[in-house]
Amino acid sequence: MAYQLYRNTTLGNSLQESLDELIQTQQITPQLALQVLLQFDKAINTALANRVRNRVNFRGSLNTYRFCDNVWTFVLNDVEFREVTDLVKVDKVKIVACDGKNTGSNATE
């Protein structure tokens, strides 16, 4: 089973809302909606692993970190993100990192 982290993105939320609407109007079954979400999980994980080549450097102060169920969670303060000539500063950021080679886990957030 693929990671379900991307269900909380704008795209994932829109998909879930559309599926809920289709279920309410009885155009699809809840089981079919679940299959669509599982396929979305697989597709988004594969696309991000194989198609995204951009790199961003970042620097900040580590506030907290945690490693649980093969998932790292970092909270950083006063973070600077750099991509070639662009610089973005944020007060606080949470990074969730999962093992991309081992998608057999069921990590959710």
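Right above here is the structure, for reference.
Residues numbered from 1 in each chain as written. Predicted model: local features only at pLDDT ≥ 70, side-chain atom pairs only at ≥ 80, totals over all residues. Heavy atoms only, no water.

Draft legend 1. Quick peek at the sheet that holds strand 1 (residues 57–68). What the three strands build is an open sheet, ordered 1-2-3; its pairing is antiparallel. This sheet does not close on itself; its edge strands, each paired only once, are strand 1 and strand 3 (86–98). For this sheet the average axis-to-axis angle between neighbouring strands, irrespective of direction, equals 10 degrees. In the sheet, strand 2 (residues 71–83) pairs with strand 3 via 12 bridges, with the strands oriented antiparallel. Considered in strand 3, the bridge of Val71 is made with Cys98. (Pairing = 2+ DSSP bridges. Helix = DSSP H or I, 4+ residues; strand = E, 2+ residues; numbered from the N terminus. Axes fitted to C-alpha atoms, helices over the stretch in contact; angles between N-to-C directions.)

Draft legend 2. Structural detail: unusual backbone geometry. Although it is not a glycine, Gln26 adopts a positive phi angle of roughly 55 degrees. Looking at Gln26, the relative accessible area reads 72%, which means it is exposed. We note that Val84 has phi near 50 degrees; this positive angle belongs to a residue other than glycine. With respect to the element layout, Val84 can be found in the loop between strand 2 and strand 3. What makes Val84 exposed here is its relative accessible area of 84%. (Buried < 20%, exposed > 50% of the residue type's maximum accessible area, 1.4 Å probe, protein only.)

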